[in-house]
Amino acid sequence: MAHVSIQEVTKIYPHGNELAVDKVSLDIESKEFLVLVGPSGCGKSTTLRMVAGLEEITSGKIYIGDRLVNDVPAKDRDIAMVFQTYALYPHMTAFENMAFGLTLRRYPKWEITNRVKEAAEILSISKLLNRKPRELSGGERQRVALGRAIVRKPAVFLFDEPLSNLDAKMRVQMRTELNKLYNKLQSTMLYVTHDQTEAMTLGNRIAVMHQGVIQQVADPANIYTHPANKFVAGFIGSPPMNFINGRVIRRNGKFYFEEGAFRVKIVDEMVPKLAPYDGKQVTLGIRPESIYDKLFVQYAPPENTVTATVDVVEPMGSEVYLHLLLGTHAVTARVGGHERPKVNQDMDLVFDMSKVHFFDPDSEAAIV
Ligand SMILES: Nc1ncnc2c1ncn2[C@@H]1O[C@H](COP(=O)(O)OP(=O)(O)OP(=O)(O)O)[C@@H](O)[C@H]1O
Ligand SMILES: [Mg+2]
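Residues numbered from 1 in each chain as written. Chains lettered and ligands numbered in written order. Predicted model: local features only at pLDDT ≥ 70, side-chain atom pairs only at ≥ 80, totals over all residues.

Quick look at the overall build of the protein
For step 1, the next point in the chain: Within the protein, the secondary structure is distributed over nine helices and 20 strands.
For step 2, the next point in the chain: Taken over the C-alpha atoms alone, the protein extends approximately 80 × 45 × 35 Å along its principal axes.
For step 3, the next point in the chain: Residues classed as buried in the protein amount to 36% of the 368 residues present.
For step 4, the next point in the chain: Long-range pairs, those at least 24 residues apart, make up 66% of the contacts in the protein between residues at least 6 apart in sequence. (Helix = DSSP H or I, 4+ residues; strand = E, 2+ residues; numbered from the N terminus. Buried ≥ 20, exposed ≤ 12 C-beta atoms within 10 Å, placed from the backbone. Contact = placed C-beta atoms within 7 Å.)

Next up, the structure:
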């Protein structure tokens, strides 16, 4: 299996007026599952298509294994790509669809049969091989499309939002299947999606992209707990992190974050990084699960307790999302499924200050 090295790769489309991909550098290790995630239009597909050889590179270098592939045609790159639209041939059976690429490459018949059967086994579609695409469900069709890639035994798999045409339930199921598939195949995989849940659950590492630029590359846990900047912090996590603009103040040697009547104490461990911001603006970030209902907190430090008004209550079953108004700020808290506060009721909340993040308001980089 091969590693992929993307080095300072830029893409400017001839008729586009901006940089679609801006000096992206990214290394996908051999046998790694790397997910490239970001909002629509950020340059994910363009990056993937340049690796695949379907899009010309404006500048920079791409290596697959030790081979510079900038000028290697797509068919000679030893990659297989799975797209959002499975694009199966409607007049061919699942078997023929999966075999097609190998037939074109003039593989011997016995080898084709073996490979298709093996892939069908892995994907649990052995019984469907004689069916035409119209006789298959969306999930089954996507399996055939995956099978078509697997039979090639490529050095690298490239996926461009392969699950986004499926309904929500099927998407979750196929996500699990993809995880299993990766464990079985142990191949190098580069997977593009705009869905942060897919990114978190599938990736060994995640690369977050925004406006053609890679914002951070890290494993899912680190992306979640140590986002490098405000964009990553807001993009990964659902419901998203709450942001409040305010300033750092110092009273009697202690540091606080203050915004209007809202004031919380900064924990000692964060003071060294925040002391230089004394008197200056910062953005506080807190995830919904780090805001607690005071009634359920055994020891609630008064300096981290704030009062908010309940605006909307969203019961999700095992938990409840509370949309609250904290002065002029809208914040979301994620509390236990048993909680049912009333709309317009006042509620005391405890901010878990050991879990908050602070961002520089100008650069948006994480301070701590
Ligand atoms: N053929 C093209 N010509 C000109 N501009 C293009 C072309 N293809 C894409 N772009 C532009 O390049 C940027 C990146 O597009 P790209 O398709 O890579 O985004 P994406 O991250 O895959 O988005 P999505 O999640 O919607 O698929 C966008 O601004 C898009 O409008
Ligand atoms: Mg795309």
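Here the narrative resumes.
Focus on the domain arrangement of the protein
For step 1, the next point in the chain: Considered domain by domain, the protein is made up of domain 1 (4-235) and domain 2 (242-359).
For step 2, the next point in the chain: The centre of domain 1, based on its C-alpha atoms, is set 39 Å off from the matching centre of domain 2.
For step 3, the next point in the chain: Taken together, the contacts link five residues of domain 1 with five residues of domain 2.
For step 4, the next point in the chain: Of the residues that constitute the side of domain 1 that touches domain 2, the class distribution is two nonpolar, two polar and one charged. (Domains from an automatic or database assignment. Nonpolar A, V, L, I, M, F, W, Y, C, P; charged D, E, K, R; others polar.)

Describing the environment of Leu34
For step 1, the next point in the chain: Along the chain, Leu34 falls in strand E3 (residues 33-37).
For step 2, the next point in the chain: In the structure, Leu34 is positioned 157 residues away from Tyr191 in sequence and 6.2 Å away in space, judged by C-alpha atoms.

Some thoughts on the site of ligand 1
For step 1, the next point in the chain: Residues in contact with ligand 1 amount to 13 residues; listed here are only the nearest, Tyr13, Ala20, Ser40, Ser45 and Thr46.
For step 2, the next point in the chain: Top element by residues in the shell around ligand 1 is helix H1 (residues 44-52). It accounts for three residues.
For step 3, the next point in the chain: When grouped by side-chain class, the residues that make up the shell around ligand 1 number three nonpolar, nine polar and one charged. (Near = placed C-beta within 6 Å.)

A word on the pairing of E3
For step 1, the next point in the chain: Counting buried residues in E3 gives five out of five residues, a clear majority hidden from the surface.
For step 2, the next point in the chain: Here E3 shows no split at all, with Phe33, Val35 and Val37 on one side and Leu34 and Leu36 on the other all buried.
For step 3, the next point in the chain: Where E3 lies against strand E8 (residues 188-193), five bridges are found, and the strand directions are parallel. Among the inter-strand pairings, Val37 is bridged to a residue of E8, identified as Thr193.
For step 4, the next point in the chain: As defined by bridge partners, E3 adjoins strand E9 (residues 205-210) across four bridges and the pair is classed as parallel. Counterpart to Leu34 in the pairing with E9 is Arg205. (Pairing = 2+ DSSP bridges.)

A few points about the sheet that holds strand E1 (residues 4-12)
For step 1, the next point in the chain: Ordered by their spatial adjacency, four strands build an open sheet running E2-E1-E4-E5, and the pairing between neighbours is antiparallel. The sheet is open, and its two edges are formed by strand E2 (19-28) and strand E5 (67-68), each paired on a single side.
For step 2, the next point in the chain: Sheet analysis places E1 next to E2, joined by six bridges and oriented antiparallel. Its bridge partner being in E2, Val4 is matched across the sheet by Ile28.
For step 3, the next point in the chain: The sheet strands contacting H1 are E1, E2 and strand E4 (59-64), and the helix crosses E1 at an angle near 120°. (Axes fitted to C-alpha atoms, helices over the stretch in contact; angles between N-to-C directions.)

Remarks on helix H4 (residues 138-150)
For step 1, the next point in the chain: In this model, H4 (13 residues) spans 18 Å end to end at C-alpha, consistent with the 18 Å of a helix rising 1.5 Å per residue.
For step 2, the next point in the chain: Of all the 13 residues making up H4, 10 are buried; the element is thus mostly covered by neighbouring parts of the structure.
For step 3, the next point in the chain: Those residues of H4 that fall on the buried side of the exposure criterion are Arg141, Gln142, Arg143, Val144, Ala145, Leu146, Gly147, Arg148, Ala149 and Ile150.
For step 4, the next point in the chain: The inward-facing, buried residues of H4 abut strand E6 (79-82), helix H2 (94-104), helix H3 (109-122), strand E7 (156-160) and helix H5 (168-185). (Expected span 1.5 Å × (residues − 1).)

Structural notes on the sheet that holds E8
Strand pairing in a sheet relies on backbone hydrogen bonds. The paired strands run either parallel or antiparallel.
For step 1, the next point in the chain: Taken together, the six strands give an open sheet; going across it, the order is E6-E7-E8-E3-E9-E10, and neighbouring strands pair in mixed fashion. Each having just a single partner strand, E6 and strand E10 (213-218) make up the two edges of the open sheet. Averaged over all pairs of adjacent strands, the angle between their axes in this sheet comes to 15°, without regard to strand direction.
For step 2, the next point in the chain: The strands touched by H4 within the sheet are E6 and E7, with E6 carrying the most contacts at an inclination of about 175°.

Let's talk about the nonpolar core
For step 1, the next point in the chain: Ranked by internal contacts, the top residues of the largest apolar core, which has 96 residues, are Val51, Leu158, Leu190 and Val208.
For step 2, the next point in the chain: Discounting chain neighbours no more than four positions away, the residues touching Leu158 are Leu48, Val51, Ala52, Ile79, Met81 and Leu190. (Core = buried A, V, L, I, M, F, W, Y, C linked by C-beta atoms within 7 Å.)

Some thoughts on the packing of H2 against H4
For step 1, the next point in the chain: Following both chains from N to C, one finds H2 and H4 inclined at 30°, their axes separated by 8 Å at the closest point. Put simply, H2 runs roughly parallel to H4. Crossing hand, H2 versus H4: right-handed. Across the interface between the two elements, Ala94, Asn97, Met98 and Gly101 of H2 pack against Val144, Gly147 and Arg148 of H4.
For step 2, the next point in the chain: Here the contact of H2 with H4 is composed, by residue class, of three nonpolar, three polar and one charged. (Parallel < 35°, antiparallel > 145°, perpendicular 65-115°, else oblique. Left-handed = near helix turned anticlockwise from the far one by under 90°.)

Considerations on the environment of Thr10
For step 1, the next point in the chain: Structurally, Thr10 is set in strand E1.
For step 2, the next point in the chain: Exposure remark for Thr10: the 16 C-beta atoms within 10 Å place this residue in the partly exposed category.
For step 3, the next point in the chain: It is 5.6 Å that separates the C-alpha atoms of Thr10 and Thr58, two residues lying 48 residues apart in sequence.
For step 4, the next point in the chain: Here Thr10 is in contact with Leu19, Val21, Asp22, Lys23, Thr58, Ser59 and Gly60, once residues within four sequence places are set aside.

Brief notes about H1
For step 1, the next point in the chain: For H1, the buried fraction is high: eight of the nine residues fall into the buried class.
For step 2, the next point in the chain: Positive backbone phi, at 90°, marks Gly53, one or two positions downstream of H1.

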